[in-house]
Amino acid sequence: MQNIAVVFGGKSVEHDISIITGVGVLQNLSQGYHGVPIYIDKEGNWWTGEKLCYIENFKDFNTKKLKKCNFCPNDKRLHIYGMRRTAMYIDCVINCLHGQNGEDGSLSGVLQLSGIPETSSGVLGNAVCMDKGITKLLLRSKRVPITRFITININDYNANNSFWIRNIIRRVGLPCIIKPARGGSSIGISVANDIEQLEILLGNVAKYDNEIIIEQYLPQFREINIALFEHDGNLELSSLEEVVGADKIFDFDNKYTTNTKTKRICPANIDASTKDNICKLAKKVYSICKCRGMVRIDFFVIEDKILVNEVNTVPGSMSFYLWKDFGYTFGRVLSKLIIEGKKRFVDDQKHCYKYNSNILDNLSKRDFIINK
Ligand SMILES: Nc1ncnc2c1ncn2[C@@H]1O[C@H](COP(=O)(O)OP(=O)(O)O)[C@@H](O)[C@H]1O
Ligand SMILES: [Mg+2]
């Protein structure tokens, strides 16, 4: 039996969504895998315990019967702090943290230093894709079609706001859409139609992030998503889904509450050549952004034009629902991700991390004292 730690919750505005992903994963692991829940509460404390596997326990959440836990550097065990301190060897981690402090490479950093295999995109891929500005800069440099955009640091903006407003108008224009660069689930996103609104909304978005991206607002488009992951050296691509019926922007309520007009149509009803182009672009973006494991790439389709919107390295519910037409259950998707994550880990270990030099032999105390 392999111990698979599932990390979810987290210090992120997407905390609650991550609970849905995490519990879904825990309940769908195939035979042979023992799911070990690691729930990070809103303050950043790590907890483990059987009751975290059940969604009803999150309604009036309390820490009764739970134990604090953590990973340590260079140690593949989860340390659990109850009446008695115990430790459990972890074979692989499934990262279910959406948003900051988890999907941004930080959890991958902890796991890399502990020496534990994981299913997500690692430090670099997660960090790149978490930041919409960095992702778009990278994609633009590789001539991947995206919207016009500009990124601003809120402190730079506050130091000279008229300069930045002029820049936004010149490089993006109005109306424009303002997003926290490292946000998710549409939280903090708004549309400005004139300069006055723009100034107010730039003030508001700083609540979520200091890094802000402002994009050209697209009045009409089809929203098409695809998931993909690496398997035996090839990229497997899911069915395409179309998100329809969302108001103006596909916002938090539209995404997650059941009584909305929003529908997800899968497979999306699009022509073969658009589908083919989306698949080609998805593979290119996966490689450019250093993605690993399962990611979902979201596109805007405007007639025959295809634009990449964003790359989600920890997609909601691991995008398992996009694989139904392939006969893959949630459990099968997870098994593939675990096997690949472990393979990648072994592959990374092949590199040489030691180099023998004699550089230290001839150094003395004197070499480090400069001002005496
Ligand atoms: N440039 C744009 N023009 C018009 N609507 C947009 C644009 N960018 C995003 N949206 C809408 O806002 C939603 C959320 O934006 P997105 O960039 O996907 O951020 P998040 O990471 O929060 O999901 C999208 O699903 C889409 O409906
Ligand atoms: Mg999105």
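Residues numbered from 1 in each chain as written. Chains lettered and ligands numbered in written order. Predicted model: local features only at pLDDT ≥ 70, side-chain atom pairs only at ≥ 80, totals over all residues.

1. Examining the sheet that holds strand S13 (residues 234-244)
- The strand order S14-S13-S12-S15-S16 describes an open sheet built from 5 strands, whose pairing is antiparallel. Two strands in the sheet have a free side with no partner beyond their single neighbour: strand S14 (263-265) and strand S16 (305-312). Geometrically, the sheet is characterised by an average inter-axis angle of 30 degrees between neighbouring strands, direction not taken into account.
- Bridge count between strand S12 (residues 222-231) and S13: 8 bridges; the pairing is antiparallel. When the sheet's bridge partners are listed, Phe229 is paired in S13 with Glu236.
- Where helix H9 (residues 272-288) meets the sheet, it contacts S12, S13, strand S15 (295-302) and S16, and its direction lies at approximately 40 degrees from that of S16. (Pairing = 2+ DSSP bridges. Helix = DSSP H or I, 4+ residues; strand = E, 2+ residues; numbered from the N terminus. Axes fitted to C-alpha atoms, helices over the stretch in contact; angles between N-to-C directions. Contact = placed C-beta atoms within 7 Å.)

2. Section: the nonpolar core
- Counting 65 residues, the largest nonpolar core has Ala5, Val6, Val7 and Ile38 as the members making the most contacts within it.
- The residues that make up this core include at least three from each of domain 1 (2-120) and domain 2 (121-143 + 220-313).
- Not counting residues within four places of it along the chain, the set of residues in contact with Val6 comprises Gly22, Val25, Leu26, Gly35, Val36, Pro37, Ile38, Ile94 and Cys96.
- Judged by nonpolar contacts, the second largest core, of 21 residues, contains Trp164, Ala181, Val205 and Ile214. (Core = buried A, V, L, I, M, F, W, Y, C linked by C-beta atoms within 7 Å. Buried ≥ 20, exposed ≤ 12 C-beta atoms within 10 Å, placed from the backbone. Domains from an automatic or database assignment.)

3. So, helix H4 (residues 132-141)
- By the burial criterion, the buried members of H4 are Lys132, Thr135, Lys136 and Leu139. Considered in projection along H4, the buried side chains sweep an arc of 95 degrees and stay on one side of the axis.
- Against helix H3 (122-130), strand S8 (149-153), strand S9 (176-180), strand S11 (211-216), H9 and S16 lie the buried residues of H4.
- Immediately downstream of H4, the backbone of Arg143 shows phi near 60 degrees, a positive value. (Arc of directions from axis to C-beta.)

4. A word on the domain arrangement of the chain
- Partitioning the chain into structural domains gives domain 1 (2-120), domain 2 (121-143 + 220-313) and domain 3 (148-216).
- Computed over C-alpha atoms only, the centres of domain 1 and domain 2 are separated by 26 Å.
- In this complex, domain 1 contributes 9 residues to the contact, which on the side of domain 2 involves 11 residues.
- Element by element, the count of residues in the side of domain 1 that touches domain 2 is highest for helix H2 (residues 106-114), at 3 residues.
- A class-by-class count of the residues in the side of domain 1 that touches domain 2 yields 1 nonpolar, 6 polar and 2 charged. (Nonpolar A, V, L, I, M, F, W, Y, C, P; charged D, E, K, R; others polar.)

5. Observations concerning the packing of helix H1 (residues 15-28) against helix H10 (residues 330-349)
- At a minimum axis separation of 9 Å, H1 and H10 run at an interaxial angle of 95 degrees. Considering their axes alone, H1 and H10 lie roughly perpendicular with respect to each other. Residues Gly24, Val25 and Asn28 of H1 form the contact with H10, whose own contacting residues are Phe330, Gly331 and Leu334.
- Across the contact of H1 with H10, the residue classes tally to 3 nonpolar, 3 polar and no charged. (Parallel < 35°, antiparallel > 145°, perpendicular 65-115°, else oblique.)

6. Observations concerning the pairing of strand S7 (residues 92-95)
- By the alternation rule, side chains of S7 split into Cys92 and Ile94 and Val93 and Asn95, which are all buried.
- Across 4 bridges, the pairing between strand S1 (residues 2-9) and S7 is parallel. Pairing of Val7 across the sheet is with Asn95, part of S7.

7. Some points on unusual backbone geometry
- For the bond running from Leu174 to Pro175, omega is -5 degrees, close enough to zero to count as cis.
- The topology assignment puts Pro175 in the loop between helix H6 (161-171) and S9.
- Within the chain, Asp232 stands out as a residue other than glycine whose phi angle is a positive 50 degrees.
- Phi is positive for Ser319, close to 55 degrees, though the residue is something other than glycine.
- Its location among the elements puts Ser319 in the loop between S16 and H10.
- For Ser319, a count of 21 C-beta atoms within 10 Å puts it in the buried group.

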